[in-house]
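An overview of the molecular structure
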Amino acid sequence: MAKVLVLYYSAYGHIEMMAKAVAEGAREAGATVDIKRVPELVPEEVARSSHFKLEQEAPIAKVEDLETYDAIIVGVGTRYGRMASQMANFLDQTGGLWMRGALNGKVGGAFSSTATQHGGQETTLFSIITNLMHLGLIIVGLPYSFAGLTNMDEITGGAPYGATTIAKGDGSRQPSANELAGAKYQGKHIAEVAAKLFG
């Protein structure tokens, strides 16, 4: 049985919702799954005035947690085509794990969100994937065996590099059924790969 961590940062709740779908898929594959988030760096008064979703169920992760998992699936919204600084700050603290090769050979994946259809979903996924590859993880994306990637009936997120959602400029659009299905599929797929490697 693989042990999977879904690690995320969500300012407005979209990535939190996607993280739950990723975890659901991983659990369907028989994995033991934890959902954790990285700390908020924005001062509370600024976060509240910006309508951040500060109350979230997931506990705060610690860097040393990472090496206890077989797979780590990282989700974070985009900021100007790259990952938000809250996640970057957390990953920047993994130097000790990198020095020891503590994450070498583990399975990794990425998921993200943007405000608009062309807001940098794929570049954000690659900014996550780049970090994970430097840490030695084996990257698993969202393959085209998930039929929702070819959905042309609606505006939808999703890429072979990972599940994504589109939040709209004001954050009013919630993840669609197709986007949540993609996140669930990716979580299941990653857990299955991890089980083959570590089961």
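Residues numbered from 1 in each chain as written. Predicted model: local features only at pLDDT ≥ 70, side-chain atom pairs only at ≥ 80, totals over all residues. Heavy atoms only, no water.

Looking up the chain in an unreviewed UniProt entry gives the name NAD(P)H dehydrogenase (quinone), with the organism given as Luteibacter rhizovicinus. Its UniProt record gives the chain a comment under Sequence similarities (unreviewed entry), which states: "Belongs to the WrbA family." (UniProt positions renumbered as here; feature names shortened; annotations may be inferred.)

Turning next to the overall build of the chain. Each helix and strand counted, the chain has six helices and seven strands in total. When the helices and strands of the chain are read in sequence order from the N terminus, they spell out β-α-β-α-β-β-α-α-β-α-β-β-α. For the chain, whose C-alpha radius of gyration is 15 Å, the value lies close to the compact-globule estimate of 16 Å for 199 residues. Projected onto its principal axes, the C-alpha positions of the chain cover 40 × 40 × 25 Å. (Helix = DSSP H or I, 4+ residues; strand = E, 2+ residues; numbered from the N terminus. Rg over C-alpha atoms; globule rule 2.2 N^0.38 Å.)

This next bit is on the pattern of salt bridges. In the structure shown here, the tally under the stated rule is nine salt bridges. Note that E55 is salt-bridged to R48, the shortest N-O span being 3.4 Å. Relative accessible area serves as the criterion here: at 44%, R48 is assigned to the partly exposed category. Connected through shared salt-bridge partners, E24, E28 and K184 make up one network. (Salt bridge = Lys/Arg side-chain N within 4 Å of Asp/Glu carboxyl O. Buried < 20%, exposed > 50% of the residue type's maximum accessible area, 1.4 Å probe, protein only.)

This part takes up the UniProt feature "binding site: NAD(+)" (unreviewed entry) in the chain. The positions UniProt marks with the feature "binding site: NAD(+)" (unreviewed entry) are Y12. In this structure, Y12 sits in the loop between β1 (3-9) and α1 (14-28). For Y12, the contacting residues outside a window of four places in its chain are S50, H51, F52 and K53. Side-chain polar atoms of Y12 contact the backbone oxygen of S50, separated by 3.4 Å. (Contact = heavy atoms within 4.5 Å. Polar contact = N/O pair within 3.5 Å; in protein donor to acceptor, adjacent residues only side chain to side chain.)

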